[in-house]
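Coordinate inspection notes
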Amino acid sequence: MKYAKWTFIGLLAVILIGFLHYTLPQHDIVRIVGTENRRIDFGENSIFWASPAGGAAQMGNRDVFFIQTQRANGKPMVYRNEDTGWGWPPYFKLDSSNLQTMAQDLVSNKADPLWVSMTHYGWRNEWLSIYPNAVSVKVVSGPDARIIPWFNIVFLILLLVAVLFVRRLWLRFRHRSIDPMFNDGPSDDGAHRRGKRFWGRMGGKNRK
Amino acid sequence: MIAFFRFALPGLAGLTLIYVLIGVYARSLARERLEKAWEDPKTGAASCLTREEFIAQGMRAYKHSLRRKLLVLVYIVPVGVVAILVYVMNYR
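As the structure is a prediction and not an experimental result, all values here were calculated from the model. (Residues numbered from 1 in each chain as written. Chains lettered and ligands numbered in written order. Predicted model: local features only at pLDDT ≥ 70, side-chain atom pairs only at ≥ 80, totals over all residues.)

Quick notes on the overall build of chain B
Our working definition: Numbering of helices and strands runs from the N terminus; a helix is a DSSP stretch of H or I covering at least four residues, while a strand is a stretch of E covering at least two. Throughout, the radius of gyration refers to the C-alpha atoms, and the reference size of a globule is 2.2 Å times the residue count to the power 0.38. Each residue is classified by how many other C-beta atoms fall within 10 Å of its C-beta atom, where C-beta atoms are placed from the backbone; a count of 20 or more means buried, 12 or fewer means exposed, and values in between mean partly exposed. Whether two residues are in contact depends on their C-beta atoms, placed from the backbone: they are in contact if these lie within 7 Å.
A count of helical and extended segments in chain B gives four helices and zero strands. In sequence order, chain B lays out its α and β elements as α-α-α-α. Relative to a compact globule of 92 residues, whose C-alpha radius of gyration would be 12 Å, chain B shows 20 Å and is clearly more extended. Considering chain B as a whole, with its 92 residues, one finds that 3% of them fall into the buried category. A fraction of 58% describes how many contacts in chain B between residues 6 or more apart in sequence connect residues 24 or more apart.

Here's what the structure looks like:
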């Protein structure tokens, strides 16, 4: 039973971390080598592509912008460049055409490299033919430029605060609204103290 | 435009749920503050009220307090964050 419990918790943790890793923005230092516009036939990987613009027909294929790059470590990375619009994930990106223009403007060759920080979310997976979605591009000083992920720091702290707040909300609700129902008493007076006693009996210690 | 409403309407529904939950929580905190204040001989027993009257009076005051009105921030802050995100993502 212990193994089942921990397998379940581990699975949940993997799903949650994977979800955040896919959705939160990341920065790559890359050199843009080219841009292109390719027609993509979506199949079982369609969940990893943007949903069509509002009002547009649900087609099985669509033209998609791509940005081809070389990373600082010499390995290639290809990004798609699609609007997220008002859908998921909530990047509210509506300027893919502008981003494509900027990327094309920043194309450089090996002899005279121009390094940029490519903000993106998503994963590259060759088996599934999926690409991270480029969100914005910024010129940086060099291939070893240091990027501090401020957004992720703030977001993860706020997420932790939200989780702790929901927990407190629930504990308080249980403490003040559910526990008193299982205690006998003439009125609602002193529900707080009775709740304490209840937990003292249940847990063998005095909880706050 | 349809895409925007498909985002905005469920979003507003979600914010309303959060508003109600935090509202219940904040009211519960206000009530507990009053319960504690009544047990304090300086504020509670000195008021010449029964415990119920003391709490009811305090809750009426809470209803019109700034603290309760600040709950509107539950709507204002996320809408502001989305507006800033749209601006930063597309127009800067």
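Next comes the rest of the account.
Details of the overall build of chain A
Across its full length, chain A holds four helices and five strands. In sequence order, the secondary structure elements of chain A are arranged as α-β-β-β-α-β-β-α-α. Within chain A, the fraction of its 208 residues that count as buried is 17%. The long-range fraction of contacts in chain A, counting pairs at least 24 apart against all pairs at least 6 apart in sequence, stands at 60%.

So, the nonpolar core
Soluble globular proteins: nonpolar side chains tend toward being buried together. All names here are of chain A. Note the following rule: Nonpolar cores are built from buried Ala, Val, Leu, Ile, Met, Phe, Trp, Tyr and Cys residues. These are joined into a set through C-beta atoms within 7 Å.
Within the largest apolar cluster, 17 residues are counted, with the highest numbers of intra-cluster contacts made by Ile32, Ala103, Val116, Met118, Ala134 and Val137. Elements that contribute at least two residues to this core include exactly strand 1 (26-41), helix 2 (96-105), strand 4 (115-121) and strand 5 (133-139). In this structure Ala103 touches Ile32, Thr35, Ile67 and Val137, once residues within four positions along its chain are discounted.

What about the interface of chain A and chain B?
Under the convention used in this document: For this classification, the nonpolar set comprises Ala, Val, Leu, Ile, Met, Phe, Trp, Tyr, Cys and Pro, the charged set comprises Asp, Glu, Lys and Arg, and every other residue, Gly included, is treated as polar.
On the side of chain B, 16 residues touch chain A, which itself brings 16 residues to the contact. With three residues, the top contributor of residues to the side of chain A that touches chain B is helix 3 (residues 150-178) of chain A. Looking at side-chain class alone, the side of chain A that touches chain B contains six nonpolar, five polar and five charged residues.

Quick word on the pairing of strand 3 (residues 76-81) of chain A
Residues and elements named next belong to chain A. For clarity, the cut-off: When DSSP finds two or more bridges between a pair of strands, those strands are recorded as paired.
With six bridges connecting them, strand 2 (residues 61-71) and strand 3 associate as antiparallel partners. Across the sheet, Phe66 pairs through a bridge with Arg80, a residue of strand 3. The turn joining strand 2 and strand 3, which pair antiparallel and follow one another in sequence, is formed by four residues; a positive phi near 90° is taken by Gly74.

Quick notes on helix 2 of chain A
It helps to recall that an α-helix has 3.6 residues per turn; residues three or four apart then point in one direction. Residue and element names in this part refer to chain A. The test is simple: In this context, the arc is that of the directions from the helix axis out to the C-beta atoms.
Among the residues of helix 2, those classed as buried are Ser96, Leu99 and Ala103. One side of helix 2 carries all its buried residues, which in axial view fall inside an arc of 60°. For helix 2, the exposed residues lying more than 90 degrees away from the buried face are Ser97, Thr101 and Asp105.

Quick look at the packing of helix 3 of chain A against helix 1 (residues 2-39) of chain B
For the record, the criterion: Whenever a helix is involved, its axis is fitted only over the stretch in contact; in every case the axis is a line through C-alpha atoms, and angles between N-to-C directions fall within 0 to 180 degrees. Here the word oblique covers every angle except those under 35 degrees (roughly parallel), over 145 (roughly antiparallel) and from 65 to 115 (roughly perpendicular). By the definition used in this description, the sense in which the near helix is turned from the far one sets the handedness, with an anticlockwise turn below a right angle giving left-handed and a clockwise turn giving right-handed.
Contact geometry for helix 3 of chain A and helix 1 of chain B: axes closest at 11 Å, N-to-C directions at 55°. Classed by the angle they form, the pair helix 3 of chain A and helix 1 of chain B counts as oblique. Judged by the twist between their axes, the crossing of helix 3 of chain A over helix 1 of chain B is left-handed. Contact with helix 3 of chain A, carried on its side by Leu169, Arg172 and Arg176 of chain A, involves Leu21, Tyr25 and Ser28 of chain B of helix 1 of chain B and no other residues of that element. Per-class residue counts for the contact of helix 3 of chain A with helix 1 of chain B are three nonpolar, one polar and two charged.

Observations concerning the confidence of the model for chain B
All names here are of chain B. Note the following rule: Values of pLDDT, the confidence the predictor places in each residue, fall between 0 and 100.
On average, residues of chain B carry a pLDDT of 89, and 97% of them reach 70 or more. Helix 4 (residues 73-90) holds the highest mean pLDDT among the elements of chain B, 94, whereas helix 2 (residues 51-63) holds the lowest, 90. Across the predicted assembly, pTM comes out at 0.79 and ipTM at 0.81.

Describing the environment of His120 of chain A
Residue and element names in this part refer to chain A. The residue His120 is located in strand 4 in this model. Counting along the chain gives 40 residues from His120 to Leu160, while the straight-line C-alpha distance between them is 23 Å. Non-local contacts of His120, meaning those with residues more than four positions away in its chain, are made with Pro25, Gln26, Asp28, Tyr79, Pro132, Asn133, Ala134 and Val135.

Let's talk about the pairing of strand 1 of chain A
Residues and elements named next belong to chain A. Judged from the six bridges that link them, strand 1 and strand 4 form a sheet pairing that is antiparallel. Within strand 4, the position partnered with His27 by the bridge is Thr119. Examined bridge by bridge, strand 1 and strand 2 share 11 bridges and lie antiparallel to one another. Bridge assignment links Arg39 to a residue of strand 2, and that residue is Asp63.

A look at helix 4 of chain B
Stated formally: Multiply 1.5 Å by the residue count of a helix minus one, and that product is the helix's expected span.
Spanning 18 residues, helix 4 of chain B covers 25 Å between terminal C-alpha atoms, matching the ideal 26 Å at 1.5 Å per step. Of all 18 residues in helix 4 of chain B, zero are buried, a share of ten percent or less.

Considerations on the environment of Val166 of chain A
Residue and element names in this part refer to chain A. Structurally, Val166 can be placed in helix 3. Classification of Val166 by C-beta neighbours within 10 Å gives exposed; the count is 12. Spatially, the C-alpha atoms of Val166 and Phe19 are 20 Å apart, while their sequence positions differ by 147 residues.

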